[in-house]
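# Close look at the chain arrangement
As a plain string of letters, each chain reads:
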Amino acid sequence: MISFNQVHKRYPGGYHALKNVSFEIAKGEMVFLTGHSGAGKSTLLKLIAAIERPNLGSVIVNNQNVGVLKERALPYLRRNLGIVFQDHKLLFDRNVFDNVMLPLQICGFDYRESQKRVRAALDKVGLLKREKSNPIALSGGEQQRLCIARAIVNRPIILLADEPTGNLDTDYAHDIMAIFKSFHQVGVTLLISTHDESVLQDTGVRVLALRQGELLS
Amino acid sequence: MRHALAQIIGVMGRMFDSRLAGSLSILVIGIALSLPAGMYVMLQNVQGMVTQLSGTPQISLFLNMDAKADDIDRLHKQLAQHPAIDHAKFVARDEALEQLKQSTGLADVIGGLNQNPLPDAFIVYPKNGEVQGLEELRNELAKLPRVELAQLDSAWAYKLEALLKFGRMAVLILASLLSLALIAITFNTIRLQILTQRDEIEVSKLIGATNGFIRRPFLYFGVIQGLLGGIAAWLIVSLSLLLLNWQLGALTELYASQFTLHPLSPGDSLSLLLFSMYLGWLGAWLSVARHLSRIEPR
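Residues numbered from 1 in each chain as written. Chains lettered and ligands numbered in written order. Predicted model: local features only at pLDDT ≥ 70, side-chain atom pairs only at ≥ 80, totals over all residues.

Turning to the overall build of chain A, a few remarks are in order. The helix and strand inventory of chain A stands at 6 helices and 10 strands. Since a compact globule built from 217 residues should have a radius of gyration of about 17 Å, the 17 Å found for chain A is in line with a globular shape. (Helix = DSSP H or I, 4+ residues; strand = E, 2+ residues; numbered from the N terminus. Rg over C-alpha atoms; globule rule 2.2 N^0.38 Å.)

Okay, structure coming up:
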């Protein structure tokens with residue numbers, strides 16, 4: 001489903017974020033991406049969503065070579081992805097419900113069906129009762145869960161999460177991991193980055209570890 | 001469909017949120033458009049008046065006061081046989097005085113005269129209406145015996161027609177300049193909107209919005225703002241005409257005539273609205289094309 005082949009990413013100014021990274025993630029697999037901050041986790045996720053392009057090597061997502069995709073094709077690639085952003089990227093000019101509605105609006109989904117899907121997604125992350133609230137009124141953990149609801153409402157085949165438990169206390173972090181596991185059970189491919197080793201202990205899932213832009217085997 | 005409607009409703013909601021700034025832009029657009037539109041209405045009215053008054057061109061021949069009945073008969077035959085003349089109508093001086101009394105409301109003044117100051121006259125209807133030929137015919141008729149004065153009645157209409165052409169050109173130039181201003185206003189409004197909605201644009205791009213989807217609300221905004229500006233211009237022109245007609249009513253009553261300015265016709269009103277919508281769309285499109293590509297998610 002996702003495959004990196006000798007990928008290099010160097011930012012303008014010379015910072016070498018990824019060095020010769022190769023790996024493969026099968027369909028339906030759940031993988032953790034670990035490393036200290038600055039190890040290149042976010043860059044790796046951005047390459048998958050074509051927010052950044054590799055300087056060398058190929059990034060294949062869902063049989064598409066993302067590195068050379070035309071600008072016009074990007075929206076359709078991204079509709080297959082659900083992305084949980086490190087900084088949430090919620091919109092504070094609309095309520096919780098409309099934040100989750102946005103991806104369906106973008107895809108031109110039938111309005112009635114959309115409403116059902118939004119409620120289902122909010123229910124899944126336990127925010128159904130807050131649908132009329134403004135996201136600014138939510139706690140950090142709730143904002144994170146709202147971001148997850150928006151990422152999954154479109155039923156993506158791949159879910160990318162950048163530090164989803166980043167600054168949450170342990171209870172919240174476990175809740176969120178439980179939500180991810182339930183997606184794994186229904187066949188979604190997941191790639192979750194974290195610097196928090198504690199969430200890995202109880203899981204038997206595969207871990208990709210990055211150190212200074214290089215993948216440790 | 002529901003999503004497009006939701007986008008339009010969203011745009012209107014946003015317009016309502018910034019209704020003060022929005023009304024100002026709309027007012028500026030309205031005033032900018034009402035200038036050429038108002039001038040256009042005035043020209044249309046003058047044009048209508050000219051065609052109403054001039055009709056077919058004619059030449060008036062005023063005879064000497066001492067012309068006798070047989071002079072008149074001879075002249076009438078001469079005119080009737082002239083190849084360039086369709087027919088000629090004789091207006092006796094008494095008849096002319098009677099007409100004058102009835103049509104101008106100057107009966108009191110005329111009643112006070114000791115004798116009729118008007119001469120006998122012929123009204124000559126030429127076969128051909130071209131200005132050059134008419135001028136030659138007038139000169140020829142002026143030399144006929146017993147003719148005091150030959151006057152080409154619609155010469156002023158031709159001169160006015162030329163003046164109207166000039167006026168129409170002026171309106172066109174003014175309209176073009178102010179259209180540019182309107183495009184600039186929309187361009188800038190949309191630029192500010194794009195800046196304030198930067199987050200939304202960025203997130204939308206990240207979750208798979210096409211450029212078309214992102215562009216659309218701004219284009220809707222441009223079109224709606226253009227439409228409202230057009231309506232404002234229409235109201236300004238219509239209200240101004242109403243006020244002018246009110247004053248004109250008092251004025252024309254004094255001259256015992258009936259003359260009112262006609263408002264914008266339904267067709268012209270529709271053109272005005274469509275044109276302002278188009279300009280709004282164009283300004284928005286240019287702005288979006290220029291500013292949207294600069295917002296790329298990181």
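Turning to the domain arrangement of chain B, a few remarks are in order. Domain parsing of chain B yields domain 1 (2–53 + 158–294) and domain 2 (57–153). Between the C-alpha centres of domain 1 of chain B and domain 2 of chain B there is a distance of 51 Å. (Domains from an automatic or database assignment.)

Our focus in this paragraph is the confidence of the model for chain B. Model confidence for chain B is summarised by a mean pLDDT of 84, while 93% of its residues fall at 70 or above. When mean pLDDT is compared element by element in chain B, helix H10 (residues 266–291) of chain B scores highest at 93, while helix H5 (residues 107–111) of chain B scores lowest at 74. (pLDDT = per-residue confidence, 0-100.)

The strands making up a sheet are joined through hydrogen bonds of the backbone, oriented either antiparallel or parallel. All names here are of chain A. With mixed pairing, the 6 strands of this open sheet are ordered in space as E6-E7-E8-E3-E9-E10. On the outer flanks of this sheet lie strand E6 (81–84) and strand E10 (214–216), each paired with one strand and no other. Here the strands of the sheet are splayed against their neighbours by 20° on average, with no regard to which way each runs. Here 5 bridges tie strand E7 (residues 158–162) to strand E8 (residues 189–194), and the two strands are oriented parallel to one another. Opposite Leu160, over in E8, you have Leu191 as the bridge partner. Most of the contacts of helix H1 (residues 41–48) go to E7, to which it runs at about 150°, and overall it touches strand E3 (30–34), E7, E8 and strand E9 (206–211). Against the sheet, helix H5 (residues 140–152) touches E6 and E7, its axis set at about 170° to E6. (Pairing = 2+ DSSP bridges. Axes fitted to C-alpha atoms, helices over the stretch in contact; angles between N-to-C directions. Contact = placed C-beta atoms within 7 Å.)

This brings us to the pairing of strand E2 (residues 16–25) of chain A. As a general feature of sheets, a regular strand has side chains that alternate between the two faces. Residues and elements named next belong to chain A. Note: strand E1 (residues 2–10) against E2, 6 bridges, orientation antiparallel. Considered in E2, the bridge of Ser3 is made with Glu24. In sequence, E1 turns back onto E2 through a hairpin of 5 residues, with Gly13 there showing a positive phi of about 105°.

Attention shifts here to the sheet that holds E1 of chain A. Ordered by their spatial adjacency, 4 strands build an open sheet running E2-E1-E4-E5 (chain A), and the pairing between neighbours is antiparallel. Edge positions in the sheet fall to E2 and strand E5 (64–65) of chain A, since each of these pairs with one other strand and no more.

Glancing now at the nonpolar core. In this structure, Ile48, Ala149, Leu159 and Leu160 of chain A are the most contacted members of the largest nonpolar core, which totals 97 residues. The biggest single contributor to this core is helix H9 (residues 211–254) of chain B, with 13 residues. Residues contacting Leu159 of chain A, with those up to four places away along its chain left out, are Gly82, Ala151, Ile152, Phe183, Val188 and Leu190 of chain A. Counting 11 residues, the second-largest nonpolar core is a separate cluster that includes Leu63, Ala88, Ala121 and Val124 of chain B. (Core = buried A, V, L, I, M, F, W, Y, C linked by C-beta atoms within 7 Å. Buried ≥ 20, exposed ≤ 12 C-beta atoms within 10 Å, placed from the backbone.)

For the rest of this paragraph, the subject is H5 of chain A. An α-helical turn contains 3.6 residues, so a residue and the one three or four places further along point in the same direction. All names here are of chain A. A rise of 1.5 Å per residue sets the reference length of H5, with its 13 residues, at 18 Å; its end C-alpha atoms lie 19 Å apart and thus fit the reference within 8%. For H5, every residue scored as buried is listed here: Gln144, Arg145, Leu146, Cys147, Ile148, Ala149, Arg150, Ala151 and Ile152. Summarising the contacts, the buried residues of H5 are in contact with E6, helix H3 (96–107), helix H4 (111–124), E7 and helix H6 (170–185). (Expected span 1.5 Å × (residues − 1).)

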